[in-house]
Amino acid sequence: MSLAVNLPGLNMKNPLMPASGCFGFGEDYAKWFDLNELGAIATKAITVEKRTGNATPRTVETPHGMLNAIGLQNPGLAVILQKKLPFLRQYDIPILANVAGSTEEDYETVVKALSESGLCDAIEVNISCPNVKEGGIAFGQDANKIEELTRRLKQVSRVPLYMKLSPNVTSIVDCAKAAVAGGADGLSLINTLVGMRFSPTTGTPILANGVGGLSGGAILPVALRMVYEVRNSVNVPIIGMGGIDKSADVLEFLQAGADAVAVGTAHFKQPTICVDIANELEETITGSGWAWNKRQEVGV
Ligand SMILES: Cc1cc2nc3c(=O)[nH]c(=O)nc-3n(C[C@H](O)[C@H](O)[C@H](O)COP(=O)(O)O)c2cc1C
């Protein structure tokens, strides 16, 4: 059975990619395994200017997961175009460049430059970022904004656009429909769920930022529910993610309607997780008796 999947801009040998923010730009992981074995790679968020991120502590463990408030730390568009993406281009894997911003203009600048560079095959737009003009409410929490931003970015992008949906909304379906109405070529879901932890000794939040994004095993059922609901409402490819750490989890995402998947938090305990899962996946799918190849054609 072939595990290959073809999504807009992303011709993948297998349906697995590292999720944005959990794999940097691949350099450290290239010491552990051959990146050519990945289906694709989603980069760390790319912003116009360099960002040093939030104050520490900015991660904390949780039951079956973690909270992070990294704050989109990255070296900025210019360095990424000069060094980070050329490094990844040595490999025979599609690059999904993850983009973040504080204003619509920020997003537009980064999307235009990346798509004209020839150094990425598709763009994933992180809309969980606070919108400076709208008083800090995330772009991804307002369906009208999602549609408007998607339409604007589609006009400047030469490569397919995947809108990465935030789960911190009342209706993920309304957000997915808005992205598709704006012209999204695909959707990624889910980003992290907003959470907090408190120090029992000081009685104050553990994260310097106060709140952080919950990821890992704890969010898997939420992510599956959202992928399922979105799959039944729109007909564009879906990259599913949230809590995956084994091939049986990937099978569930495919059954819920994802066309490909991303693995994030699990990298922090098993750097080779994507390849390990890819090696087991055929047996897991075959053993389940489920006809994956039918799903493969959905939305492509
Ligand atoms: C430390 C960390 C950093 C992240 N950074 C980004 C980011 O820069 N852009 C983005 O779109 N998502 C980011 N995410 C979200 C992940 O890509 C993914 O959507 C989420 O963690 C759910 O998958 P998981 O449970 O497998 O980690 C980050 C997640 C973690 C844990």
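Description of the structure in this document. (Residues numbered from 1 in each chain as written. Predicted model: local features only at pLDDT ≥ 70, side-chain atom pairs only at ≥ 80, totals over all residues. Heavy atoms only, no water.)

Attention now moves to the packing of helix H1 (residues 77-89) against helix H2 (residues 104-117). In contact at an axis separation of 11 Å, H1 and H2 are set at 25 degrees when each is read in the N-to-C sense. The angle between the axes of H1 and H2 places the two elements in the roughly parallel class. For H1 against H2, the interelement crossing comes out right-handed. Residue-level contacts link Leu77, Leu81 and Leu85 of H1 to Thr109, Val110, Ala113, Leu114 and Ser117 of H2. Looking at the contact of H1 with H2, its residues break down into 6 nonpolar, 2 polar and no charged. (Axes fitted to C-alpha atoms, helices over the stretch in contact; angles between N-to-C directions. Helix = DSSP H or I, 4+ residues; strand = E, 2+ residues; numbered from the N terminus. Parallel < 35°, antiparallel > 145°, perpendicular 65-115°, else oblique. Left-handed = near helix turned anticlockwise from the far one by under 90°. Contact = heavy atoms within 4.5 Å. Nonpolar A, V, L, I, M, F, W, Y, C, P; charged D, E, K, R; others polar.)

Turning our eyes to something else, we now look at the packing of helix H6 (residues 247-256) against helix H7 (residues 273-288). At a closest axis distance of 8 Å, the pairing of H6 and H7 adopts a crossing angle of 60 degrees. When the axis of H6 is compared with that of H7, the two are oblique. Judged by the twist between their axes, the crossing of H6 over H7 is right-handed. Taken together, the residues of H7 that come into contact with H6 (itself represented by Ser247, Ala248, Val250, Leu251 and Leu254) are Ile277, Glu280, Leu281, Thr284, Ile285 and Ser288. Partitioned by chemical class, the residues of the contact of H6 with H7 number 7 nonpolar, 3 polar and 1 charged.

With that settled, the discussion passes to the environment of leucine 88. Tracing the backbone through its elements, the reader meets leucine 88 in helix H1. Residue classification places leucine 88 among the buried residues on the basis of a relative accessible area of 0%. In the structure, leucine 88 is positioned 67 residues away from glutamine 155 in sequence and 26 Å away in space, judged by C-alpha atoms. Those residues in contact with leucine 88 that lie beyond four places of it in its chain are Phe25, Gly26, Leu35, Ile41, Thr43 and Ile95. (Buried < 20%, exposed > 50% of the residue type's maximum accessible area, 1.4 Å probe, protein only.)

The next subject is a nonpolar patch on the surface. Side chains of Val194, Met196, Phe198 and Val211 sit close together on the surface and give an oily, nonpolar patch of about 370 Å² of accessible area. Here phenylalanine 198 lies in the loop between strand E11 (193-195) and strand E12 (212-215). (Patch = residues over 30% accessible without salt bridge, like charges linked within 9 Å, V, L, I, M, F, W, Y side chains within 5 Å. Areas by Shrake-Rupley, 256 points an atom, 1.4 Å probe, with all protein chains shown as cover. Salt bridge = Lys/Arg side-chain N within 4 Å of Asp/Glu carboxyl O.)

Take the site of the ligand next. Among the 24 residues in the neighbourhood of the ligand, the closest are listed as Ser20, Lys164, Gly216, Gly243 and Thr265. One nitrogen or oxygen atom from the main chain of serine 20 is found 2.7 Å from an oxygen atom belonging to the ligand. About the coverage of the ligand: the protein hides 96% of its 600 Å² of free accessible area. (Near = heavy atom within 4 Å. Polar contact = N/O pair within 3.5 Å; in protein donor to acceptor, adjacent residues only side chain to side chain.)

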